[in-house]
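In case you want the letters, here they are:
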Amino acid sequence: MIREIIRYPNPILRKKCKSVKKVDPHIQILIDDMIETMHAAPGVGLAAPQVAENIRVIVVDIGEGAFAVVNPKVKKKNRVLQTFEEGCLCLPGIVGPVERPSIVTVEGLDRFSQKLVIEAEGFLATVLQHEIDHLDGIVFIDRVKDKSLIREISKKEEEEKKELL
Ligand code: ZN
């Protein structure tokens, strides 16, 4: 089921999300719904608070297949930073450059409650960090150092970019 994506500045987007105690059928349904909602948007990642669920679940699909991470945590990050122009499904129509570590190790649980360790670099590293930020009430514009670089993009450019998180 496609869920409604809430819009910034909805206060839900500013809350710290709760850890998932058990990956039960309710969580598995939420994961399915989030993947469907992300694909329909379309987007490359989605965090539970974006569909008004205040819990630590993210889904990602950068074109290599969709997966979920429950209680994701950045365990390691490198010192080398990379910059991508990010957007967000909760802030349609604007993008801005965000600097983040270019390699991260993310740990969490998969949808079957099995331990998951993801070594990510490049765009995937950025997507994971963007989504995990959502779980702590952080949106990408908070991380744009020079706010004058936040720019509006047209619907057409938005469709071409397809990099909305
Ligand atoms: Zn986002």
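So, here is what we can say about the structure in this document. (Residues numbered from 1 in each chain as written. Predicted model: local features only at pLDDT ≥ 70, side-chain atom pairs only at ≥ 80, totals over all residues. Heavy atoms only, no water.)

**Some details on helix H2 (residues 122–135)**
Definition in use: Strands here are runs of E lasting at least two residues and helices are runs of H or I lasting at least four, both read from the DSSP assignment and numbered beginning at the N terminus. The span you would expect from a helix comes to 1.5 Å times its residue count less one. Remark: exposure states derive from per-residue accessible area (1.4 Å probe, protein chains only) relative to the maximum for the residue type, with buried under 20%, exposed over 50%, and partly exposed in between.
The terminal C-alpha atoms of H2 lie 21 Å apart, and with 14 residues this matches the ideal 20 Å at 1.5 Å per residue to within 8%. For H2, the tally of buried residues reaches 13 of 14 residues, placing the bulk of the element in the interior. Remark: Gly137 follows H2 within two positions and exhibits a positive phi of approximately 80 degrees.

**Some details on the environment of Pro101**
What counts is decided by this rule: Residue contacts follow a heavy-atom distance rule, with two residues in contact if any of their heavy atoms lie within 4.5 Å.
Here Pro101 lies in strand S5 (residues 94–101). Taking C-alpha positions, Pro101 is 17 Å from Gly87, a pair spaced 14 residues apart along the chain. In contact with Pro101, not counting residues within four places along its chain, are Lys77, Asn78, Val80, Leu81, Gln82, Ala125 and Gln129.

**Regarding the sheet that holds strand S1 (residues 45–47)**
Working definition: the strands of a sheet are paired by backbone hydrogen bonds and lie parallel or antiparallel to each other. Operational definition: Two strands form a pair only when DSSP identifies at least two bridges running between them. Lines fitted to C-alpha atoms define the axes, with helix axes restricted to the stretch in contact, and inter-axis angles between N-to-C directions lie between 0 and 180 degrees.
Sheet architecture is open: 5 strands sit in the order S1-S2-S3-S6-S7, paired in antiparallel fashion. Only two strands of the sheet have a single neighbouring strand rather than two, namely S1 and strand S7 (115–121). When the angles between neighbouring strand axes are averaged without regard to direction, this sheet yields 40 degrees. Packing of helix H1 (residues 25–40) onto the sheet brings it into contact with S1, strand S2 (57–60) and strand S3 (67–77), and relative to S2 it is tilted by some 40 degrees.

**What to know about H1**
For H1, with 16 residues, the first-to-last C-alpha span of 22 Å sits near the 22 Å given by 1.5 Å per residue. Among all positions of H1, only Ile27, Leu30, Ile31, Asp33, Met34, Ile35, Thr37 and Met38 are buried. Close packing links the buried residues of H1 with S1, S2 and S3.

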